[in-house]
Amino acid sequence: MAGTVTRDPLPAAGGGRQGAPLIVTEDAGLLDDLLRLCAAAGATPEVHHGMPEPRSGWEAAPLVLVGDDAARRVRGAPRRRGVVLVGRDQDDSGVWRRAVEIGADHVLMLPDGEQWLVDRIADVTEGVGRPALTVGVIGGRGGAGASTLACALAVTSAREGLRTLLVDADPLGGGLDVVLGGETAEGLRWPAFAASRGRVGGGALEESLPELHSLRVLSWDRGDCVAVPPQAVRAVLAAARRGGGVVVVDLPRRVDDGVAEVLAQLDLGLLVVPAELRAVAAAGRVASAVGMVLRDLRVAVRGPYAPGLDDREVARLLGLPLAGDVPVEPSLQRPQETGRPPGVSRRGPLARFCKEFWERVRVEARAA
């Protein structure tokens, strides 16, 4: 159980680590539980049996967890936001009076409120700022070049100094780490997260992934696992987004439960469509399925163009906003053969397309 004492809300923290939570209790059993929950949230708390000395410890901690046994000892502490009174006795009506006496924002009873508390600890430890701008890329037909464009968008974002995470959501695509030349790079792949439930620590996730070309990559390994439970997909992508910056997701053309979890967290999607009638017809079916979950879906048209087609006509036929004309260059079609990741050349046409795209969507995000 978690209850709220009416007070002004704790201000949202900026990005980055915010410091360690403070635990105040002499109850050994309660302390063990709180330490376990802090570990689950990726936090290492500071522990005191009474008011910390100097008092700045009380005032500086991003979150203070006061055991009900210690409420009397902290009654004279300076009032501050972010204080949680933690107890076990569901039938003790006096806990609310003690919460008011110490200026607590919340009253929480274990074990019922454990998940709420893990989420709150993780929020203040990681920082809760603006979530990452999250873009999904999906091919209108097989071989449309969606994976290459996704890699190019991520490489371009990282080159501009933004925290960037590239997520491979297509288990049958061969692995984006291969496209980036990092199939042997150390770090975790999707199967390692298959058992994830609840909340995944954003910082721990990022640090565990391979780093290639100044960005982090969550890809598939070469094993037999070709599926991750939807709840694990939800938890991992939510953790990726909490870190801010940019998240690019390479999507498969089928929409299953796991892909639906990804689509629900996207800010916008790019449907890559070769400029030929058969590709447009196939893309229409993909757009229909994706559009059931994702509201902002735009078409990125790739030449060469069939007679009678241009990028605007393709967008009109699909009934989607036009994101632009994806330039044709060798790295777009055969990235593995060049030895250079897509978009790595700052002066190349693909990199220019990606740079202009990011500039445009960031303006839109600021205006929203």
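Residues numbered from 1 in each chain as written. Predicted model: local features only at pLDDT ≥ 70, side-chain atom pairs only at ≥ 80, totals over all residues. Heavy atoms only, no water.

Draft legend 1. Region of interest: the sheet that holds strand β8 (residues 164-168). With respect to topology, eight strands assemble into an open sheet ordered β9-β10-β8-β11-β7-β12-β13-β14, the strand pairing being mixed. Each of the sheet's edge strands pairs with one partner strand only, and the pair in question is β9 (211-212) and β14 (322-326). In this structure, β8 lies alongside strand β11 (residues 246-251), joined through five bridges in parallel fashion. By the bridge assignment for β11, Leu 166 is matched with Val 248. Contacting β7 (133-139), β12 (268-274) and β13 (297-302), helix α10 (residues 277-290) runs over the sheet at an angle of about 165 degrees to β12. Sitting on the sheet, helix α14 (residues 349-367) touches β7, β11, β12, β13 and β14, and the angle it makes with β14 is about 165 degrees. (Pairing = 2+ DSSP bridges. Helix = DSSP H or I, 4+ residues; strand = E, 2+ residues; numbered from the N terminus. Contact = heavy atoms within 4.5 Å. Axes fitted to C-alpha atoms, helices over the stretch in contact; angles between N-to-C directions.)

Draft legend 2. Geometry of the nonpolar core. Judged by nonpolar contacts, the single largest core of 45 residues is most densely connected at Trp 190, Val 249, Leu 251, Leu 271, Val 273, Val 314 and Leu 318. Mapped by element, the contributors of at least two residues to this core are β8, α8 (230-242), β11, α9 (257-263), β12, α10, β13 and α11 (311-318). In terms of residues, this core owes the most to one element, α8, which gives seven residues. Dropping the residues within four chain positions of it, Val 273 is found in contact with Gly 140, Ala 279, Val 280, Ala 283, Val 299, Ala 300, Val 301, Arg 302, Val 314 and Leu 318. (Core = buried A, V, L, I, M, F, W, Y, C linked by side-chain atoms within 4.5 Å. Buried < 20%, exposed > 50% of the residue type's maximum accessible area, 1.4 Å probe, protein only.)

Draft legend 3. Molecular detail of the confidence of the model for the protein chain. Per-residue confidence for the protein chain averages 88 on the pLDDT scale, and 90% of its residues sit at or above 70. Contacts for the low-pLDDT stretch residues 6-17, under 50 throughout, to residues beyond four places or in other chains number 30 contacts. (pLDDT = per-residue confidence, 0-100.)

Draft legend 4. Geometry of the pattern of salt bridges. Applying the stated criterion across every chain, the model contains 22 salt bridges. The salt bridge involving Arg 362 is made with Glu 160; its shortest N-O contact spans 3.1 Å. Pair noted here: Arg 362 is in helix α14 and Glu 160 is in the loop between α5 (146-159) and β8, with a separation of 202 residues, a long-range link. Residue Arg 362 is classed as buried on the basis of its relative accessible area, which comes to 18%. For Glu 160, a relative accessible area of 33% gives the class partly exposed. (Salt bridge = Lys/Arg side-chain N within 4 Å of Asp/Glu carboxyl O.)

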